[in-house]
Amino acid sequence: MSLRDWGAARGLHLSWSLDLPTGGTIVLVSTMLFLLSWGLAPRHGAVARLGQRRLGRTGSGAPSDEAREEDGRVPSGSALDAGTG
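Note that the structure is a prediction, hence the values are computed from the model and not measured.

K.L.:
Sorry if this is basic, but what is going on with the overall build of the protein chain here?
P.N.:
Within the protein chain one finds four helices and zero strands. Counting helices and strands in the order they occur from the N terminus, the protein chain gives α-α-α-α. When contacts within the protein chain are restricted to residue pairs at least 6 apart in sequence, long-range pairs at least 24 apart make up 7% of them. Carbon and sulfur atoms form 61% of the exposed surface of the protein chain, whose accessible area is close to 6900 Å².

Given below as structure tokens:
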């Protein structure tokens, strides 16, 4: 059973048990499932972003400028880096 089928079945059951309009309830349940799966997506969801911030990483997997500054390294392209090379 796919997520779409599960959302339709839960929306139908909820509309029947609470005496609500069927179409609107199915749409609301499906939207809630979509937002939940989008927020919990392992690569681009809100949970993944929180994990990346804790690890001090950007979306590309490279350490962020803040993480490099904490390590004592100067971020490339900064004003402090302009005189070297």
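So, next bit.
K.L.:
Looking at this structure, I do not really get a nonpolar patch on the surface. What am I missing?
P.N.:
Together, Met1, Leu3 and Trp6 give the surface a local cluster of nonpolar side chains, amounting to about 380 Å² of exposed area. The residue Leu3 is located in helix α1 (residues 3–18) in this model.

Rules used in this analysis
Residues numbered from 1 in each chain as written. Predicted model: local features only at pLDDT ≥ 70, side-chain atom pairs only at ≥ 80, totals over all residues. Heavy atoms only, no water. Helix = DSSP H or I, 4+ residues; strand = E, 2+ residues; numbered from the N terminus. Contact = heavy atoms within 4.5 Å. Areas by Shrake-Rupley, 256 points an atom, 1.4 Å probe, with all protein chains shown as cover. Patch = residues over 30% accessible without salt bridge, like charges linked within 9 Å, V, L, I, M, F, W, Y side chains within 5 Å. Salt bridge = Lys/Arg side-chain N within 4 Å of Asp/Glu carboxyl O.

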